[in-house]
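Residue strings, one per chain:
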Amino acid sequence: MSRVSLRVVMMALMLLGICLSVGVSSYLNTQDSRRQIEELFDAQMLQSAKMLEMFYGAQGQEHRLDMLENPLILSVNPGKVNTFTEQADATELSYELKLAYQMWTPAKQLMARSDNSDIEPMAPFERGYHKRYYQGELWHLLSYFSDDLGVWIITGQRDDVRGELVEQIMGNSFIGPALVVPAVALLMVFLSHWLLQPLDSLAVRLKHRSPADMRPLALQLPKELVPVQDALNTYITRISDNLARERRFSADAAHELKTPLAVIKLHRQGWQQAKTEAEQQLHLNAIDTGIGQMTHMVEQLLLLSRVESLSELEVAQTPVAVMVQEVLDQLLPLIADYSWQLELP
């Protein structure tokens, strides 16, 4: 099973969160910009219609009648600029060709139009905003009726004008994140190495630590890593206690086995030097007793080695005189010919 790097996971999650937040924010901004642009251009078309209404109202009656016979046509010269990103004078913008207007009488007689519109109405004679295809392009249209002058004014704007502006705003909204996200990623790489450096130091200390070194760790770690160091120190203390207990067990086992072995050795020598069969039998019985005691002692030592702590043992007081008497009984055949004195406190 492959190991997962916490550093990589942390960076991936943070970058994913940043990208999601940027994406959602850009989407919401785009939708809001599109709505505001729609409202702005719709208001512009209404304003243009009212300006045409004022223009028509300022004309004399003779000129108005002349407009019925000879509709006024506004000529728009082709500009040199097609997109918002290009720099140009206001007189050179070809977006004029994407704006159109018409003026009609209530009897649906054309009075004026821009030269990029036909002699057919661009929109139905119904007050309000319309969206329809005209001359093969999608247009936003406004049908405005002047109650004072009794004329229909239709203003229009091609949809690609609004779409281009929204695309430019949307593109600009991604320029900042496109520059910031790589910088944030590099900063995250640096911060991840810096923040996880104490953990790397802890790993290096543990890797190069001597097996016999049971001193507690005392590193200056962040608050989040202090419990890890405390747990390691607790584990080291437990290992140290277990090793000390094993050493004590080995020393106690050697000490406890030394006396029975010495007794058996003495009785073996006594058996070899015995002159009668009764003396030989006495030594053999002592040897058997010593072997039995050694067997029992080994079993007790093995049981002690499996105990985790002394608190698990059933400890009871034992008179020292009884234990001494048992040892003397084993040694009595060998020391009977000697003068000796035993004092117990």
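Residues numbered from 1 in each chain as written. Predicted model: local features only at pLDDT ≥ 70, side-chain atom pairs only at ≥ 80, totals over all residues. Heavy atoms only, no water.

Section: helix α5 (residues 226–273)
Look at α5: 71 Å from first C-alpha to last across 48 residues, which is about the 70 Å you get at 1.5 Å a residue. Taken as a whole, α5 has its buried residues at Q229, N233, I236, R245, F249, A253, P260, V263, I264, H267 and G270. (Helix = DSSP H or I, 4+ residues; strand = E, 2+ residues; numbered from the N terminus. Expected span 1.5 Å × (residues − 1). Buried < 20%, exposed > 50% of the residue type's maximum accessible area, 1.4 Å probe, protein only.)

Description of the pattern of salt bridges
Close approach of charged atoms allows side chains with opposite charge to pair. Under the criterion given, the structure shown has 6 salt bridges. Across the salt bridge formed by R162 and E38, the nearest N and O atoms sit 2.4 Å from each other. Taken as a pair, R162 in helix α3 (residues 159–195) and E38 in helix α1 (residues 6–57) lie far apart in primary sequence, 124 residues in all. Exposure remark for R162: the relative accessible area of 2% places this residue in the buried category. Salt-bridge contacts for D42 lead to R162; the nearest nitrogen and oxygen are separated by 2.9 Å. Here R162 lies in helix α3 and D42 lies in helix α1, a separation of 120 residues in the sequence. Accessibility classification places D42 together with R162 in one group, the buried group. Salt bridges here are not isolated pairs; linked through shared partners, they connect D32, R35 and E39. (Salt bridge = Lys/Arg side-chain N within 4 Å of Asp/Glu carboxyl O.)

With respect to unusual backbone geometry
For residues that are not glycine, phi is negative in most cases, and the peptide bond is trans in most cases. The phi angle at K108 is positive, at roughly 65°, despite the residue not being glycine. A positive phi angle is found at Q135, which is not glycine, with a value near 55°. By the secondary structure assignment, Q135 is in the loop between β4 (128–134) and β5 (137–146). Overall, Q135 belongs to the partly exposed group, its relative accessible area being 42%.

Description of a nonpolar patch on the surface
Side chains of L187, F190, L191, W194 and L195 sit close together on the surface and give an oily, nonpolar patch of about 540 Å² of accessible area. Here F190 shows up in helix α3. On the basis of relative accessible area, F190 is assigned to the exposed category, the value being 54%. (Patch = residues over 30% accessible without salt bridge, like charges linked within 9 Å, V, L, I, M, F, W, Y side chains within 5 Å. Areas by Shrake-Rupley, 256 points an atom, 1.4 Å probe, with all protein chains shown as cover.)

Thoughts on the confidence of the model for the chain
The share of residues in the chain with pLDDT of 70 or more is 83%, and the mean pLDDT across the chain is 78. Taken as a whole, residues 90–94 scores under 50 in pLDDT and shows 8 contacts with residues more than four places along the chain or in a different chain. (pLDDT = per-residue confidence, 0-100. Contact = heavy atoms within 4.5 Å.)

Notes on the sheet that holds β5
Strand order in this open sheet of 6 strands is β1-β3-β2-β6-β5-β4, and the pairing throughout is mixed. The open sheet terminates on both sides in strands that have one partner only, identified here as β1 (72–74) and β4. The mean angle between the axes of side-by-side strands here comes to 20°, regardless of whether they run parallel or antiparallel. Pairing geometry for β1 and strand β3 (residues 110–114), over 3 bridges, is parallel. Residue pairing in the sheet places L72 in a bridge with A112 of β3. Here α1 sits on the sheet in contact with β1, β2 (99–104), β3, β4, β5 and β6 (151–158), set at roughly 145° to β6. Strands in contact with helix α2 (residues 61–69) are β1, β2 and β3; relative to β3, the strand with the most contacts, it is inclined by about 75°. (Pairing = 2+ DSSP bridges. Axes fitted to C-alpha atoms, helices over the stretch in contact; angles between N-to-C directions.)

A short note on the pairing of β2
With respect to burial, β2 is a largely interior element, 5 of its 6 residues being buried. Here β2 pairs with β6 via 6 bridges, running antiparallel. Each residue of the ladder has a partner; that of A100, found in β6, is G156. Taken together, the 3 bridges between β2 and β3 define a ladder with antiparallel strand orientation. Considered in β3, the bridge of Q102 is made with R113.

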